[in-house]
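Here are the chains, one letter per residue:
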Amino acid sequence: MNSGVRRLEEIDIHELLPQQEPFVMVDVLTHFDAGSTSTRFEVRADNIFVTDGRLDASALAENMAQTCAARLGYVNKYVLKRAIQIGFIGAIKGMKVFDTPKVGDVLDTTIEVIEQIMDLTLVSATVRVGDRVISTAEMKIALADEVEE
């Protein structure tokens, strides 16, 4: 499914996401295939979700959701060759936060597609800093009917 059009790291993440600064919580798409997608994100001091040098837990959920959005953006733009479709978090289930990252940490987030039925996708998400898992969750993502031009 990876079309090989461009190296993933060369794609401007803003081309794939409906979110704009200061709410962008992924820096680069690092992996894409039929079953999974991964992104990387460096926690910076000026991030709106950083307090006392740490990224708060709600930002981890947003990072997972934006990894889903990056996947959807990639599929729309590079696989289906159409405008970006907007997705919404339908539900977050079983989210666990084992640690919150500090400024300078690099998050590696992977989503695995568990099931996809029409406009609903169920994913399992894992956020790591190095080899440590810091957060996990399942998310249901619902797609909007409209496509963003």
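Cut-off values and rules
- Residues numbered from 1 in each chain as written.
- Predicted model: local features only at pLDDT ≥ 70, side-chain atom pairs only at ≥ 80, totals over all residues.
- Heavy atoms only, no water.
- Helix = DSSP H or I, 4+ residues; strand = E, 2+ residues; numbered from the N terminus.
- Rg over C-alpha atoms; globule rule 2.2 N^0.38 Å.
- Buried < 20%, exposed > 50% of the residue type's maximum accessible area, 1.4 Å probe, protein only.
- Core = buried A, V, L, I, M, F, W, Y, C linked by side-chain atoms within 4.5 Å.

**So, the overall build of the protein**
A tally of helices and strands in the protein yields one helix and eight strands. Sequence-ordered secondary structure for the protein, helices as α and strands as β, is β-β-β-β-α-β-β-β-β. Since a compact globule built from 149 residues should have a radius of gyration of about 15 Å, the 14 Å found for the protein is in line with a globular shape. Overall, the C-alpha framework of the protein stretches about 40 × 30 × 25 Å when taken along its three principal axes. For the protein, buried positions account for 42% of its 149 residues.

**Concerning the nonpolar core**
With 22 residues, the main nonpolar core has Leu 55, Leu 107 and Met 139 as its most contacted residues. Of all the elements in the fold, those that place two or more residues in this core are helix H1 (57-79), strand S6 (106-117), strand S7 (120-129) and strand S8 (132-148). The element that contributes the greatest number of residues to this core is H1, accounting for six residues. Val 26, Leu 29, Phe 32 and Tyr 78 belong to the second-largest nonpolar core, a separate cluster that totals 14 residues.

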